[in-house]
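Each chain, letter by letter, is given below.
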Amino acid sequence: MKRGGTATERLAADEPGIARAAALLRAGRLVAFPTETVYGLGADARDQTAVRGIFAAKNRPAFNPLIVHVGTLEEAAALARFPPGALRLARAFWPGPLTLVLPRAAGSALAPAVTAGLPSVALRVPEHPLARRLLKRFSGPLAAPSANPSGRISPTRAEHVLAGLGGRIAAVLDGGPCAVGIESTIIGFDPVPALLRPGGLPAEAVERCLGRTLAAVPKDHAGTPTAPGQLASHYAPGAALRLNATDRRPGELLLGFGAMECDLNLSPGGDLAEAAARLFDALRRLDEQAGGRGGRIAVAPIPDRGLGRGINDRLRRAAAPRR
Ligand code: TXA
Ligand code: MG
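Everything numeric here is computed off the predicted structure, so don't read it as measured data.

Looking at the assigned domains, one finds that the chain contains domain 1 (2-210) and domain 2 (240-319). Centre-to-centre separation of domain 1 and domain 2, based on C-alpha positions: 26 Å. Taken together, the contact between domain 1 and domain 2 spans 23 residues of the former and 17 residues of the latter. It is I153, I182 and P198 that lose the most area in domain 1 upon contact with domain 2, and together they represent 36% of the buried surface on that side. Linking domain 1 with domain 2 are seven residue pairs in polar contact (both at pLDDT 80 or more). At the level of secondary structure, the elements contributing two or more residues to the side of domain 1 that touches domain 2 comprise β12 (193-197) and α7 (203-210). By residue class, the composition of the side of domain 1 that touches domain 2 is twelve nonpolar, seven polar and four charged.

Right, dumping it as structure tokens:
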């Protein structure tokens, strides 16, 4: 795809594709790649210019830090200090849809822009086979936020990446649709384990592993979460969203869940994993069908447990008034 004169290469999920992606990343270029949650927009996390390029391509505010992706727990341990609970979670759930926010190790090689000046760093070991092969071939940490323009819906297919960032990034490694479909669950430890973002790993599983309940994200006096990046409006489609809809009003398209009549169903059988995997693509499709701005989408209630917490978080933010 071309925009602004630079073509974005679409790389196949094979050895030459991975080699090309790694070579571009080594040269300081931006390459989107699939993870099991959503596509990430990768850059060498040690290269300040490359990392700044991520913020520019996404139009992301500089105060919003990035997740650093590594291939192994050992590589992660070189970048941050792991309290016992974090080590336990990493051993139980990495590789997988879990991000840990930890105190940054002194003298780590990370570019300052990655952490937006914070003393902490967000780390994740992804499970997607292509992400793993790319990390191995690149052999270094990759900073990678979701590969979408800031504030828009996260991409779960290479076509979504190209639609949002085509012409602004060097390449996208095409791994087909993402299996989990919503972003990783983020856990912080400052000072007690806290759920900074519900996501692709059910918070209940994290709590069982830690043997304690997770604290919620602290909110300021206006009710806004104080963790960076937890802006109310996010994942915004053009159309307006009405949540917990039990009927379809005139002029609305209905996004369903469970056995019901609707325009598009996240999971007719009421399966939350299936619903998460389909969520962002479904929002994109309905948004297009509704005609974007001015259009209206109603969304059926989703149970607020397990992956449903992550789904409802994304839906609430997609429905929030625009920044
Ligand atoms: O599944 C995912 O997590 C995907 C894939 C690509 O790994 N990535 C992703 O990145 O969702 P992004 O940038 O869209 O969301 C990362 C979130 C942001 O809300 C950011 O504020 C938060 O992680 N974050 C990053 N570093 C942090 C830190 N040091 N402290 C608190 N929050 C942090
Ligand atoms: Mg994002």
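Read on, since the account is not over.
So, on to the pattern of salt bridges. Inspection of the entire model under this criterion finds 16 salt bridges. We note a salt bridge from R10 to E159, for which the minimum N-O separation is 2.9 Å. Separated by 149 residues along the polypeptide, R10 in strand β3 (residues 9-11) and E159 in helix α6 (residues 158-165) bring together distant segments of the chain. For R10, a relative accessible area of 44% puts it in the partly exposed group. Judged by its relative accessible area of 39%, E159 falls in the partly exposed class. For R10, the salt bridge goes to D174, with nearest N and O atoms at 3.0 Å. Of this pair, R10 sits in strand β3 while D174 is found in the loop between β10 (171-173) and β11 (185-189), placing the two residues 164 residues apart along the sequence. Each of E183, D313, R314 and R317 takes part in one network of salt bridges that share partners.

It is worth spelling out the environment of F257 at this point. With respect to the helices, strands and loops of the structure, F257 is situated in the loop between β14 (252-256) and β15 (264-265). Its relative accessible area of 11% is what places F257 among the buried residues. Sequence spacing of F257 and T246 is eleven residues, and the spatial spacing of their C-alpha atoms is 11 Å. With residues up to four places along the chain from it excluded, the contact list for F257 reads N265, L266, S267, G270, D271, L272, A275, A300, P301, I302 and P303.

Time to look at the pairing of β11. Among the five residues in β11, five count as buried, and that is most of the element. Residues of β11 alternate between two faces, with T185, I187 and F189 on one and I186 and G188 on the opposite face, all of them buried. In this sheet, β12 lies alongside β11 in antiparallel orientation, the contact comprising four bridges. Considered in β12, the bridge of I187 is made with L195. Where β11 hands over to β12, the hairpin turn is made up of three residues, counted between the paired strands.

Calculation criteria
Residues numbered from 1 in each chain as written. Chains lettered and ligands numbered in written order. Predicted model: local features only at pLDDT ≥ 70, side-chain atom pairs only at ≥ 80, totals over all residues. Heavy atoms only, no water. Domains from an automatic or database assignment. Contact = heavy atoms within 4.5 Å. Buried area = accessible area lost by both parts, 1.4 Å probe. Polar contact = N/O pair within 3.5 Å; in protein donor to acceptor, adjacent residues only side chain to side chain. Helix = DSSP H or I, 4+ residues; strand = E, 2+ residues; numbered from the N terminus. Nonpolar A, V, L, I, M, F, W, Y, C, P; charged D, E, K, R; others polar. Salt bridge = Lys/Arg side-chain N within 4 Å of Asp/Glu carboxyl O. Buried < 20%, exposed > 50% of the residue type's maximum accessible area, 1.4 Å probe, protein only. Pairing = 2+ DSSP bridges.

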